[in-house]
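# Results of the structural survey
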Amino acid sequence: MSLAEDLAKQQRSISVAEFFERNKHLLGFDSPTRGIITTIKEAVDNALDACEEAMVLPDIFLSIKKQDRDIYRIIVEDNGPGIVPGQIPFVFGKLLYGSRFHQIKQSRGQQGIGISAAVLYAQLTSGLPTIIISRTGLEHPAHQFEIQINIETNEPDVVTEREVEWDRTHGTRVQIEFKSTLAAKKRLIEYLRYTSIVNPHARIRLEMDDETFVFDRVSDEVPPCPRAIKPHPHGIEVGQIRRMLPAGPGTLESFLTGSFSKVGEKTAGEICRNAKLSCAADAQSLSPDEQKRLVEAMQAVKVPPPPVSQCLSPIGEDLITRGLEKELQMDFVKARTRPGSVFSGHPFIVEAAIGYGGKLPAEGNAQILRFANRVPLMYQQGACAITAAISGINWKNYSVAQAGLPTGPLIILVHVASTSVPFTSESKDAIASIPEIEKEIVLGLQDLARDLKMFLSRRDRNRLQEDRARAVCAILPELAEKVSEIVELPPPDISAIEGKILHKLVVRQTAGDGLVTVEIKNYTGSQATLSLYTISTDPGEDAQPPPDFVTRMDEEYTRVWQVQVGPGEVWTTKYSGSARGIVEIRGVDTRSIVMVDRDE
């Protein structure tokens, strides 16, 4: 027997499941630490997609519990439309099986690998089947499956199947047990927080280590579900045309107008002329050379971009801002949604946001939040086009320090929404360097950086003015004392002068001749809305204007006024009494108040 014949006997085909069993790192299961995040990510992505397709506000419950040694039980439960029983084994037990791969629209999962890869990882590390419970409506019973994957055939292996009682009227519950660790607990919580930011309509509840974390929704509106569109001529290759042509009989013109987006009779005629083909020719009869000429003509003819508003669902500037403000406290935050654009026939939209100051770390590089189709990208930051675009901007032009990446109390969010996000690998951790995408990221961030520069400039001017005012006010008391010595009179009250210089509210309480007066002068440039509290032993029944609320406790009266004072205006209340008591202002920053309490 020759060596060639011996080698031929060893050759055999391998299934997709067998390939990924040996290359699980390609799917994000390269370590037990990362495996738990990848599993939850895939399950949450499926839940969010399902809820949005059913136009349901997502309520997602997650549970992480340690079972034995390094085995963890992960439960993800949603209130989506559920899955019909006949499809459950294939959805969870067959790699490269899904409903979104052939649809050209924005969705979190497209390859049909994610959740079935988690099932594969579970049976590899724990040997236990994955348990799925799903219900499609109140009139249908819930079905429970225990599923594994046949590695050699990439087909589902149903261990058990039965009807069960379940308190949800519709939804899906996935229970997976595998070998893992909670060493990345902080990153897991970050993933859910970031998911909440770009999915402001979702409510996520996590129970882990006897702790409960709730990421609540800030919007009660379900985003419009993207609708599938036809492929665009500029994104077509010869192999795709060869596969599409035998789909049905018809002329070449009807094939072009019926199979592609934004191709009408006029455009189809131009394509046929450039390809030197007849519009009336049978589409199925094109030779390989004619097919090649057709593709070249399709690329050369100017065709309008695909309908971005139909197939994409951007988050929106307002919801991005509200999502960031919900999870992070900052002094400045703004967002931008760029106009739709196209790369290789694939429509995409870039959204960006910048936050500054507040409780963000003052030292180190800026925090970069990367998202693709509303999904956080947690790994391979250095290999991502988003990071490259950020580092390529000269941030010093916008009053932000930079050492490669911008530094300081800064957070940068970039979201890329597309019908086909160009990831660098199957694990979907980083976006490939596509010039069109990088250009849109840079333009969006530069626009926001100009707003940030204006904010920083205005803040620095205000700070300088305040420092100068404080310096002047520091010498006013001494000046007042010297003047009083010269004229041999008591030192004058300079609080009003200080308030005017410092642009603050001056609150003055005086008592004399059986009358208590509380006066509020607004030296700021904006209207002040506040609550005034006075506490004393005086009943103050004749107060004008009368208080909005009065209580008595232990011979003391607490009076409350709801006050609005415009810039430059004075508000006053008076009532009979002799004890000044306590005056308190609520509803405005205490740093903007100068309090004066004296006898007349």
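Anything mentioned here points back to the structure above.
In this convention, every chain numbers its residues from 1, walking through the sequence in written order. Owing to the predicted nature of the model, reporting of local features is limited to residues with pLDDT of at least 70; listing and counting of side-chain atom pairs is limited to 80 or more, with chain, interface and lining totals taken over all residues. Only hydrogens and water are set aside when side-chain values are computed; all heavy atoms of the structure are taken into account.

### Remarks on the pairing of strand E21 (residues 556-565)
Where we set the bar: The buried label applies to any residue whose accessible area, calculated with a 1.4 Å probe on protein chains only, is under 20% of its type's maximum; exposed applies above 50%, and partly exposed to all values in between. Helical segments are the DSSP runs of H or I of at least four residues, strand segments are the runs of E of at least two, and each set is numbered from the N terminus. Strand pairing is defined by DSSP finding a minimum of two bridges between the two strands.
Burial analysis of E21 places 7 of its 10 residues in the buried class, which makes it a mostly covered element. Strand direction decides the pairing type here: strand E20 (residues 549-553) and E21, joined by 5 bridges, are antiparallel. Opposite Arg552, over in E21, you have Tyr557 as the bridge partner. Here E20 hands over to E21 after 2 residues, with Asp554 in that stretch at a positive phi of 55 degrees.

### Quick word on the packing of aromatic side chains
Which entries qualify depends on this criterion: Only the six-membered ring of Trp is used, alongside the rings of Phe and Tyr, when aromatic pairs are assigned; centres must lie within 6.5 Å, and planes under 30 degrees apart are stacked while those over 60 apart are edge-to-face, with the rest tilted. Here, over-ring charges are defined by two tests on the NZ atom of lysine or the CZ atom of arginine: distance to the ring centre within 6 Å, and angle to the ring normal within 35 degrees.
One pass over the full model with this rule turns up 6 aromatic pairs. With 6.4 Å between their ring centres and 65 degrees between their planes, Trp395 and Tyr398 make a pair best called edge-to-face. Summarising the aromatic geometry, the rings of Trp561 and Trp571 are spaced 6.3 Å apart at their centres and angled 70 degrees between planes, so their arrangement reads as edge-to-face. Separated by 10 residues along the polypeptide, Trp561 in strand E21 and Trp571 in strand E22 (residues 570-576) bring together distant segments of the chain. Trp571 shares its class with Trp561; the two are buried. Arg34 extends its terminal NZ or CZ atom over the ring of Tyr379, reaching a point 4.2 Å from the ring centre. When the ring centre of Tyr575 is taken as reference, the NZ or CZ atom of Arg559 above it lies at 4.5 Å.

### Looking at the packing of helix H8 (residues 252-259) against helix H9 (residues 265-274)
Formally: The axes are straight lines fitted to the C-alpha atoms, using for helices just the contacting stretch, and the angles between their N-to-C directions are given from 0 to 180°. Small angles under 35 degrees read as roughly parallel and large ones over 145 as roughly antiparallel, with 65 to 115 read as roughly perpendicular and the rest as oblique. Left-handed describes a crossing whose near helix is turned anticlockwise from the far helix by less than a right angle; the clockwise case is right-handed. Any two residues whose heavy atoms approach within 4.5 Å are treated as being in contact.
At their nearest, the axes of H8 and H9 sit 9 Å apart, and the two run at 125 degrees to each other. Between H8 and H9, the angle is such that the two are oblique. Read as a crossing pair, H8 and H9 show a hand that is right-handed. In this structure, H8 uses Leu252, Glu253, Leu256 and Thr257 to contact H9, whose residues at the interface are Glu265, Ala268, Ile271 and Cys272.

### Here we look at the pairing of strand E12 (residues 367-372)
Successive residues of a regular strand alternate their side chains across the two faces of the sheet. Burial runs high along E12: 5 of the 6 residues are buried. As paired strands, E12 and strand E13 (residues 375-376) are joined by 2 bridges and run antiparallel to one another. In the strand pairing of E13, Ala372 is matched with Val375. Here E12 hands over to E13 after 2 residues, with Asn373 in that stretch at a positive phi of 50 degrees.

### With respect to helix H10 (residues 288-300)
For clarity, the cut-off: Multiplying 1.5 Å by the residue count of a helix minus one yields the expected span of that helix.
Under the 1.5 Å per step criterion, the end-to-end length of H10 is 19 Å for 13 residues, consistent within 8% with the ideal 18 Å. At its buried positions, H10 is contacted by helix H7 (238-244), H8 and H9.

### Quick look at the side chain of His232
The condition that has to hold: Any pair of nitrogen or oxygen atoms within 3.5 Å is treated as a polar contact; in protein, a donor-acceptor pairing is required on top of that, and neighbouring residues in sequence qualify only through side-chain atoms on both sides.
Within the secondary structure, His232 is located in the loop between strand E8 (211-215) and H7. In terms of polar contacts, His232 uses its side chain to reach the backbone carbonyl oxygen of Pro304, at 2.7 Å. Excluding anything up to four places from it in sequence, His232 contacts Phe260, Ser261, Val303, Pro304, Pro305, Pro306 and Gly345.

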